[in-house]
Every structure is written in C-alpha cells, then in structure tokens.
Amino acid sequence: MAAASVLDPRVPGGPLDTQWQRRRDELALVGPTRRRFHTVLVIGAGLAGASAAATLSELGYRVRCLVFHDSPRRAHSVAAQGGINAAKNYQNDGDSVARLFHETLEGGDFRSREANVYRLAELSARIIDHAVAQGVPFAREYGGHLANRSFGGTLVSRTFYARGQTGQQLLLGAYGALAKEEAAGGVTLLPRREMLDLVVVDGRARGVIARDLVTGALETHLADAVVLATGGYANAYYLSTNAKASNCTAIWRAHRRGAAFANPGFVQFHPTCLPATSADQAKTTLMSESLRNDGRLWVPIRAGDARSPQDIPEAERDYFLERRYPRFGNLVPRDLGSRACKAMMEEGRGVGPGGRAVYLDVSDAARRLGVEVLRERYGNLFEMYQHITGDDPLRGSMRVAPSAHYTMGGLWVDYDLMSNIPGLFVIGEANFSDQGANRLGASALMQGLADGYFILPYTLADYLAGAQLPAVTEDAPEAREARAAVWARVERLLRVGGRRPAGDFHRALGRVLWDHCGLERSREGLVKSMEEVAALREAFWEDLALPGGAGELNQELERAGRVADFLELGELMCRDALAREESCGCHFRTEYQTNDGEALRNDERFAHVAAWLPEEGGRGPERLVEPLHFESMALLERSYK
Ligand SMILES: Cc1cc2nc3c(=O)[nH]c(=O)nc-3n(C[C@H](O)[C@H](O)[C@H](O)COP(=O)(O)OP(=O)(O)OC[C@H]3O[C@@H](n4cnc5c(N)ncnc54)[C@H](O)[C@@H]3O)c2cc1C
C-alpha cells in the first residue's frame, strides 16, 4: 500500500494503560489568562456537544454553540433509554477496566483503535462520578448505592441507568452545566442555526456558515477551532430509531471540504424495535436492549403458526437466541441479535402482519419478580409500547423487529479527536467512534461524554497552543466562497420546480439502503444500489418539489438540503461496504461467512479503518486506510456461544 494513503492516528507510544496519562503529560497548555482570547465553535449540544461546550467554557475559553434545535434539551440524546456503561465493579461480579476494554474491542469485532478503546474504558468510571455530582438521578439499590443492569455482549452488570430515561437525565445534567456557563457569559448559545458549510483557511478549520432557520439569513461564524458534535446518520435509512431531525449535513459538508469519512458503511441495526406497520410510517421506535435483562426473544417452532402468543405452549416456542448462543442468550450483541431475528423471519417463523417481527416476552420475569418490579425498571418503556400499539406488554408478548439505529462510521479522527483538517475536532456519534464494526449497548453515551468532558478539553488546548492562527474576517476569500457556495446550493434547490417532495426521495433512498446495504450485503446488491442511489440523486435534482422561499422559516427547504446530503452519503456507504470484502460486526457480506453463518473477517486484508476523501476533479472518492494493531489480545473469531 502506498505510504501516502495511510492516515496517522498519532497514538502515543508505550504500554496501553499509560498512553492517555503520557499524552496528557506531554500536551501543550493554554494558560488561564490566555484562554479567553480563543473562540471555539461547538456545533451541536447533545451529550457530546453540551458536555464539551460547558467544560471548555468552565476552563475559560469563549464558546459559541450552534444547534438547529430550539433548545439543547431537544437533541436526540434525550431519547437514549437504557443506560451508560462504566467499569465500576459495584456488583463485585468481576468487572474491571481491562474487561470493559476487551469486551468493547471484541464487540466491535476488532475494527476499532485499541488505544482509544482502552482510554474510553479507563475514563468510564469518572463519567459516572461527574454525573452523580451534577445530580443525575441514577437508579439506586434499596441500600442507596447505584444500581446496575446488563447490556449485550457482556457477562457482568455495569450499566448505570435512570429508568428508561438515562439519556434525558444525563442531558439535563450537561444542559445544566451549559446553562450555567451561558448565564456566566462564557457560552453564547445560538439555537435554530443550521451549519451548512465549513470555512477552511490556510488548511485549518476556522469557522462555519450557518443558516438562521427562523429568518433564513446566512451567517458566518469564525473561531480558532471548530468542534462538530452533530450526532449520527442512521436516518439515511429513512426509517430508523433516531429522532426525525437527525441528519448528516454537518459532517457531510465538512467531508466535502476535505474531512475524511471513516467506515461509512458500518451501521448498527437494533433487534428490538417496533416493526414498521405501514409504508407511510415516518420512523421506528426502540424498545431498549435493557428489556432483554428480563425479556426473552422467541418465535413459534412451526413456520406459519398463526395462533396468538398466549395460545402457543412453552414446548412449541423457540427461544432462538438462547438456543443459538447459550452463553449470552438474549444479551448477545446487536449485530448477532438482529441477524438472528432476520433468519427467523426468512424461515417463515416471523410473527404479526407479514411475519415481520419476533416476540419479546417478559412473562417469565413477571412471574419470578412480580409485575411491580418490572414496572419500576421499565415502566416508561411499557407505557410507550402500549401507547403506540394498544397492547399491554405485561399481558402478552411484545412484537419487535430490527431497525437502523446507530452509526459507527463518521468523520475520521486521530487520538486527539482531531480530523485530518487541523482545527476540526469531531466528538460523539459524529466521529467514527471507538466502537469498531459494532457498538455494544450503553457505550454511546459513555463515548460522547468521555469525548466532551474528559478528552477534548485537553487535546484542544494542545492544538490552540501550537497553531499559528492569524485573525480571519468574514471578508476572507475562503469565508466568502463558502457563503456563496451555500447560497448557490439553496438557490439550486429552490429552482428545481418539480413535483416530488424531498421526503419521497428520502423514503426511496431508505428502501435501497435497507435492501442492499442493510443487515446483509452482497457484491451484486451493492453494485446495484450504487446505481440506484445515483439515479435517485439525478431524479432529485430534476423533480424536487419545494414550496416557499429562502428568506423565511421553511422546513421543506431544511429537509431538502438534508436529503440531498443523504443521497450523496448513501452512495459512499454502499461504496465502502463494497470495498470491504469481509464480514465484521454489523457489516455482514453474504459471501464471507463461517459454516455456521457467522461473520468471517479477513484480518490480513482488512484489519484497518477505511477513510474516504471526497471526490475531486472527476476522480471518485479516495480510500485511505489506518492500519489497526492489536497488542492486548489475539485477533480471535468472536464467540458468544
Ligand atoms: C432511541 C435510542 C436510544 C438510545 N439509547 C442509548 C442508551 O441507552 N445508551 C447509549 O449509550 N446509547 C444510546 N443510544 C445512542 C445515543 O443516544 C447516541 O449515540 C448519542 O446520544 C448521540 O449523542 P451526540 O451528542 O453525539 O448527538 P445528538 O444527541 O444527536 O446531538 C446532535 C446535536 O447536533 C445538532 N446538530 C446536528 N446537525 C447540526 C447542524 N448541521 N447544524 C447545527 N446543529 C446541528 C443538534 O441540534 C443536536 O444538538 C440510543 C439511540 C437511540 C436512537
């Protein structure tokens, strides 16, 4: 492989368990009296962005924080249900930093950077302490100490939770810190602003172009560094568990300015979501993995068995995860759980309309623990299920099915969380993350908060202390060019004058991705999907219907811009999945599987992160790699049996 095509993650040398400490010892600092002379732009105020913005401001930097929501409290993070992992070993069940590290590495099927995963496991305990100090009301045992439950891919209980509302409570903690800093004048919060381009001056990220979503005005925001904390892109599939507004625009526009996009095809499908019931459905709803602490997945043994679940006796039920993975049972990682559900449906044993679901049943636990205990643990999830379906989960089996949920892909970052564009940092789900080819449950909140509270504030200082950052004004040619490009794109969208609304194209894109770049992929399907996405993109620019204008609140214009970006990213997702000729974690290529249908990695050719540079001058996107090295454990075939 040519040396130029290799990305350097700048991981510090030495033993794994000393690397982060060594890096911190070596980092350059900005003195307390100098920090207020640096402005940092933070785009996004979900858990990653809010924690970073608050912490940077507490340190003395001037922070400007832009979000497209009307309040940081509406970020998608608020929807996180089940919990957050930390290697506290409160249960005295054998947990440790090393175990969390190994399980995360293995859960990700050895496609993550070892040094980052170790640091994440190391920092996990501090996140809980910090959140408790903020007043986050984690569930507690009768005696007062913090309670834990289990998530997939682990044999210990290390997940801290606040009923089924962990994200909401953590976000209130981070938001409280952010609001305090806003009141103190350190953070300027700019809601209803959508970042639409990155300003790069002399090769460094120096600002963004944003649209005021209420007035339609374009604004130039300049700074010494830009932090993207804009979340994941699972909504490329149209139907996903993400908040409806979550999108890829910020990271995609940064990619078009040169930021490498890593592993775009690594997408997680969550096995236990409410099945889509109609073609008009706008999103899917998650039933948290935490439910599988007490819930069991099953289908009828006999294909086509149309009896209602309560009429199917125990002996005629197949608890397929327990049968197939006896060691981990219902708590296998999500990639395995989702594919197993799909296999049941393909065998004709799916349940509900069209056989597109499997049962999730808590009746065993209700008998064992009592209904009240279950309500205490999962009350709001049960209410949500009943509200949507009309059925009471405590009186029968819930019906669930896999849906797009989380993106392990995202902008490539080095050990310091900086992209390949100096001064552009990317945190939370927006970066390509520490989760490899498959994230274990309750690890996203852990990563976003580790990034925001404990990593970025250090590494950003090192950048600011060492960089030459001459003043830049709105009249700089690069800023003017970016603003003109945004305006030209808005005008182009408004000019199309066709008949199909943006949502229609989005739904069509989702179908192509689900069919060919979903739970399973094949060469044939991926080649076809790239052609289909390209054709869809062409049709979009010929037939888009877009009411209203640019100088006003226009949600259709917002949507159209985001769909245009999904249509470009969608093709890169397929291209990435096509290039990776192996199966690993959530990336399951049907051509590469073991005799018993598990993912077959090819470590010789693909033990690397793939990071794509944007197409340029008629050249297609360029695939760079970051080789992955594993010192702590041998590259094993994952086994949860
Ligand atoms: C239903 C559900 C349940 C989950 N439960 C769990 C769980 O129990 N445990 C766990 O660990 N993980 C869970 N996850 C995953 C986890 O919630 C997310 O990965 C995490 O919250 C993402 O946080 P974030 O800060 O990176 O992004 P987000 O919370 O998505 O925040 C993005 C922010 O960026 C802003 N933004 C985006 N684009 C722009 C733009 N162009 N311009 C301006 N602002 C922009 C938004 O306004 C928002 O403020 C769950 C995910 C889902 C979908």
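Please refer to the structure placed before this passage.
A brief report on the enclosed structure follows. Since the structure is predicted, the reported quantities are computational estimates derived from the model, not experimental observations.

A few words now on the overall build of the chain. Of the regular secondary structure elements, the chain holds 16 helices and 21 strands. Taking 26 Å as the expected radius of gyration for a compact globule of 641 residues, we find that the chain reaches 24 Å, a close match to that expectation. Expressed as lengths along the three principal axes of its C-alpha atoms, the size of the chain is roughly 75 × 60 × 50 Å. Here the chain, with 641 residues, has 61% of them falling under the buried criterion. Look at the contacts in the chain between residues 6 or more apart in sequence, and 74% of them connect residues 24 or more apart. Measuring between centres, the 76 positive side-chain charges of the chain sit 2 Å from its 82 negative side-chain charges.

As enumerated under the stated definition, the model contains 18 aromatic pairs in all. Measuring from ring centre to ring centre gives 5.5 Å for Tyr233 and Phe261, while their planes differ by 75°; the resulting arrangement is edge-to-face. Taken together, the residues Tyr233 in the loop between β9 (225-228) and α6 (249-256) and Phe261 in strand β10 (residues 261-262) connect sequence positions 28 residues apart. With respect to class, Tyr233 is no different from Phe261; both count as buried. Look at Phe425 and Tyr463: their rings are 5.9 Å apart centre to centre, the planes differ by 70°, and that puts the pair in the edge-to-face class. Taken together, the positions of Phe425 in strand β17 (residues 424-426) and Tyr463 in helix α11 (residues 444-466) put the pair 38 residues apart, joining distant regions of the chain. Tyr463 carries the same exposure label as Phe425, and that label is buried. Connected via pairs of aromatic rings, a cluster forms that spans Trp20, Tyr415 and Tyr458. Sitting above the plane of the Tyr161 ring, Arg149 keeps its charged end 3.7 Å from the centroid. Directly above the aromatic system of Trp298 lies the positively charged group of Arg317, at a separation of 4.0 Å from the ring centroid.

A word on the side chain of Gln447. Relative to the helices and strands, Gln447 is located in helix α11. Side chain to side chain, Gln447 and Asn431 meet in a polar contact 3.1 Å long. Aside from chain neighbours lying at most four places away, what touches Gln447 is Leu120, Tyr406, Gly428, Asn431, Ser433, Asp434 and Gln435.

Of note in the backbone geometry, Asp109 takes a positive phi value of approximately 55° without being a glycine. By the secondary structure assignment, Asp109 is in the loop between α3 (97-107) and α4 (114-134). Residue class for Asp109 comes out buried when judged on its relative accessible area of 2%. For Asn263, which is not glycine, the phi torsion reads 45° and is therefore positive. Along the chain, Asn263 falls in the loop between β10 and β11 (267-273).

Taken together, the neighbourhood of the ligand is formed by 37 residues, with His69, Ser77, Gly82, Gly83 and Glu429 sitting nearest. Here Ser77 contributes a side-chain N or O atom positioned 2.5 Å from an oxygen atom of the ligand. In the environment of the ligand, an oxygen atom lies 2.6 Å from a nitrogen or oxygen atom belonging to the side chain of Glu429. Calculation on the ligand without its partners gives an accessible area of 1,000 Å², and the protein chains cover 97% of this total. Contributing elements (two or more residues each) for the shell around the ligand: α2 (47-59), β6 (193-201), β15 (398-407) and α11. At 3 residues, β6 tops the list of elements feeding residues into the shell around the ligand. In the shell around the ligand, the residues fall into 18 nonpolar, 15 polar and 4 charged.

Once that is clear, we can look at the nonpolar core. Among the nonpolar cores identified, the biggest contains 155 residues, and Ile84, Leu228, Leu424 and Phe540 are the most heavily contacted of them. Ile84 has contacts with Ile127, Ile128, Phe138, Arg158, Thr159, Phe160, Thr166, Leu170, Ala442, Leu445, Met446 and Leu449, leaving out every residue within four places of it along the chain. Membership of the second largest hydrophobic core comes to 28 residues, among which are Leu274, Val299, Leu321 and Tyr385.

Their axes nearest at 10 Å, the elements α6 and helix α15 (residues 555-579) cross at an angle of 60°. As for how α6 packs across α15, the hand of that crossing is left-handed. Every residue of α15 that contacts α6 at Thr249, Trp252, Arg253, His255 and Arg256 is listed here: Gly561, Arg562, Asp565, Glu568, Leu569 and Leu572. The residue inventory of the contact of α6 with α15, partitioned by class, reads 3 nonpolar, 3 polar and 5 charged.

On to the sheet that holds strand β2 (residues 62-66), then. Strand order in the open sheet formed by 5 strands is β5-β2-β1-β9-β17, and the pairing between neighbours is parallel. Only two strands of the sheet have a single partner each, and these edge strands are β5 (187-190) and β17. In this sheet, neighbouring strand axes are inclined to one another by 20° on average, regardless of whether the strands run parallel or antiparallel. Relative to β5, β2 runs parallel, the two sharing 4 bridges. The residue bridging Val63 from the neighbouring strand is Val187, located in β5.

So, about the side chain of Asp414. Note on placement: Asp414 falls in the loop between β16 (410-411) and β17. By relative accessible area, Asp414 is classed as buried at 4%. Leaving out residues up to four positions away in the same chain, Asp414 has contacts with Asp8, Pro9, Arg10 and Arg113.

Following the criterion strictly, the structure yields 61 salt bridges and no others. Across the pair Arg537 and Glu571 runs a salt bridge, and its minimum N-O distance is 2.8 Å. Separated by 34 residues along the polypeptide, Arg537 in helix α14 (residues 523-543) and Glu571 in helix α15 bring together distant segments of the chain. Between Arg580 and Glu582 there is a salt bridge; the shortest N-O distance is 2.8 Å. Of the two residues, Arg580 and Glu582, both sit in the buried class.

The rules we used
- Residues numbered from 1 in each chain as written.
- Predicted model: local features only at pLDDT ≥ 70, side-chain atom pairs only at ≥ 80, totals over all residues.
- Heavy atoms only, no water.
- Helix = DSSP H or I, 4+ residues; strand = E, 2+ residues; numbered from the N terminus.
- Rg over C-alpha atoms; globule rule 2.2 N^0.38 Å.
- Buried < 20%, exposed > 50% of the residue type's maximum accessible area, 1.4 Å probe, protein only.
- Contact = heavy atoms within 4.5 Å.
- Lys, Arg positive; Asp, Glu negative; His and termini not counted.
- Charge placed at Lys NZ, Arg CZ, Asp CG, Glu CD.
- Phe/Tyr/Trp six-rings, centres within 6.5 Å; stacked < 30°, edge-to-face > 60°.
- Lys NZ or Arg CZ within 6 Å of the ring centre and 35° of its normal.
- Polar contact = N/O pair within 3.5 Å; in protein donor to acceptor, adjacent residues only side chain to side chain.
- Near = heavy atom within 4 Å.
- Areas by Shrake-Rupley, 256 points an atom, 1.4 Å probe, with all protein chains shown as cover.
- Nonpolar A, V, L, I, M, F, W, Y, C, P; charged D, E, K, R; others polar.
- Core = buried A, V, L, I, M, F, W, Y, C linked by side-chain atoms within 4.5 Å.
- Axes fitted to C-alpha atoms, helices over the stretch in contact; angles between N-to-C directions.
- Left-handed = near helix turned anticlockwise from the far one by under 90°.
- Pairing = 2+ DSSP bridges.
- Salt bridge = Lys/Arg side-chain N within 4 Å of Asp/Glu carboxyl O.

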